[in-house]
Amino acid sequence: MKVAFIGLGVMGYPMAGHLVNAGHQVCVYNRTASKAKAWVEAYGGRFELTPKLAADNADIVFICVGNDNDLRSVVLGDNGLLAGMKSGTCLVDHTTASAEVARELSALAAQQGVAFLDAPVSGGQAGAENGQLTAMVGGDKLAFSHVEPVIQAFAKSVKLLGPSGSGQLCKMVNQICIAGLVQGLSEGLHFAQSAGLDAEAVVEVISKGAAQSWQMDNRYKTMLQGEYNHGFAVDWMRKDLSIVLDEAKNNGARLPVTALVDQFYGEVQDMGGQRWDTSSLLARLEQHKQR
């Protein structure tokens, strides 16, 4: 297929590359043109200087940018994607954004016959590079059936969860669960060390039981070594949790643990850990103990 990919950050860059490797004709756009040029040198395809030009003649347009405002900036306006897309095409957004903006852009796209799917992903940079992401999707069933085989170029799991906004709401659930898990793991490791136990030996035992998690399997060693440069940054997590807590105000959900962990991540930012990965909650506990 002829596809466009908008946004070549740590996630989008490899995701767009997997589309080329799957045999699709890919045109990219990135706010910093030098990144788009580098991508073309690495993968082939071509790049354009505006979202509108990148979307011209594309069957499917993928987006992976930072937040709601970034999303609106590439979709709307005279040089935005909708200005260059034709009726019968599909716009797929992999940004982690609000359900509100997903519904807004879906309605605007529908006015010109363009299908919109909100499809945030989970799996981090490693998942993007290895083509092992999970995509949670909201939108029209027919559009989803058309796009699903293409998304599988970079995702091991793709699921339609309901109408527009459902993908974003599912991603919020994902972040709620991760926040609590990482805090629990951080406290467990902190307690083990404070009690004089061999923390690695402890994890070897408890990871075989009900305490096991992806976070434990993949992060406990780097956490114990004080290494926090392994993926999803604290700044990004706070952005996501802000979206979660705003949505909870609207739907009445009570999220006391999530709200507390969000505050803890704020303390990590104050420590200079804005770009540390989310497992850095342990560093906060260690700093508090030293006081």
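Residues numbered from 1 in each chain as written. Predicted model: local features only at pLDDT ≥ 70, side-chain atom pairs only at ≥ 80, totals over all residues. Heavy atoms only, no water.

Q: Explanation requested: the overall build of the protein in the structure shown.
A: Counting its regular elements, the protein contains 13 helices and nine strands. Here the C-alpha atoms of the protein give a radius of gyration of 20 Å, agreeing with the 19 Å that 2.2 N^0.38 yields for 291 residues. Over its C-alpha atoms, taken along the principal directions, the protein stretches across nearly 65 × 45 × 35 Å. Put simply, the protein has 291 residues, and 48% of those count as buried. (Helix = DSSP H or I, 4+ residues; strand = E, 2+ residues; numbered from the N terminus. Rg over C-alpha atoms; globule rule 2.2 N^0.38 Å. Buried < 20%, exposed > 50% of the residue type's maximum accessible area, 1.4 Å probe, protein only.)

Q: Help me understand the packing of aromatic side chains, please; the structure alone is not making it clear to me.
A: Each aromatic ring pair is characterised by the separation of its centres together with the angle its planes make. Counted by the stated rule, this structure contains six aromatic pairs. Measuring from centroid to centroid gives 6.1 Å for Phe5 and Phe62, while their planes differ by 20 degrees, and the two rings are stacked. You can see Phe5 sitting in strand 1 (residues 2-6) and its partner Phe62 sitting in strand 4 (residues 60-63), a full 57 residues away along the chain. The class of Phe5 is buried, set by a relative accessible area of 0%. Taking relative accessible area as the criterion, Phe62 reaches 0% and is therefore assigned buried. (Phe/Tyr/Trp six-rings, centres within 6.5 Å; stacked < 30°, edge-to-face > 60°.)

Q: How should the side chain of Arg219 be read in this particular structure?
A: If you trace the backbone, Arg219 turns up in helix 10 (residues 214-224). Asp277 is the oppositely charged side chain nearest to the buried, salt-bridge-free Arg219, at an N-O distance of 4.5 Å. Not counting residues within four places of it along the chain, the set of residues in contact with Arg219 comprises Trp214, His230, Asp277 and Ser279. (Lys, Arg positive; Asp, Glu negative; His and termini not counted. Salt bridge = Lys/Arg side-chain N within 4 Å of Asp/Glu carboxyl O. Contact = heavy atoms within 4.5 Å.)

Q: What should I look at first to understand the environment of Asn21 in this one?
A: Of note, Asn21 is situated in helix 1 (residues 12-21). The exposed category is assigned to Asn21, whose relative accessible area is 60%. For the pair Asn21 and Ala153, spaced 132 residues apart in the sequence, the C-alpha separation amounts to 8.1 Å.

Q: Is there a simple way to explain the environment of Leu281 in this structure?
A: Tracing the sequence through the fold places Leu281 in helix 13 (residues 281-290). When the C-alpha atoms of Leu281 and Tyr265 are compared, they prove to be 6.9 Å apart, with 16 residues separating the residues in sequence.

Q: Help me out: how do you make sense of the state of the cysteines in this one?
A: Note on terminology: disulfide describes a covalent bond linking the sulfur atoms of two cysteines. Counting across every chain of the model gives zero disulfides. Here Cys64 stays unpaired: no disulfide links it, and the sulfur of Cys90, its closest cysteine neighbor, is 16 Å away. Taking the relative accessible area as the measure of exposure, Cys90 reaches 3% and is therefore buried. (Disulfide = S-S within 2.5 Å.)

Q: Any chance you could explain the pattern of salt bridges here in plain terms?
A: When charged atoms on two side chains of opposite charge get close, those side chains can pair. Inspection of the entire model under this criterion finds seven salt bridges. The shortest N-O distance in the salt bridge between Asp70 and Arg31 comes to 3.7 Å. You can see Asp70 sitting in helix 4 (residues 68-75) and its partner Arg31 sitting in the loop between strand 2 (25-29) and helix 2 (33-43), a full 39 residues away along the chain. Ionic pairing is found between Arg284 and Glu267, a salt bridge with its closest N-O pair at 2.8 Å. Within this pair, whereas Arg284 is found in helix 13, its partner Glu267 is found in helix 12 (residues 256-270), the two being separated by 17 residues in sequence. When its relative accessible area of 8% is taken as the criterion, Arg284 is described as buried.

Q: I tried to follow the nonpolar core on my own but got confused; where do I start?
A: Formed by 32 residues in total, the largest nonpolar core has its most connected members in Phe5, Phe62, Val92 and Ile151. Ranked by residue count, the leading element in this core is helix 7 (residues 141-151), at five residues. If sequence neighbours within four positions are ignored, Ile151 has contacts with Phe62, Val92, His94, Ala135 and Val158. Listed in part, the 23 residues of the second largest apolar core include Leu82, Ala97, Val114 and Phe116. (Core = buried A, V, L, I, M, F, W, Y, C linked by side-chain atoms within 4.5 Å.)

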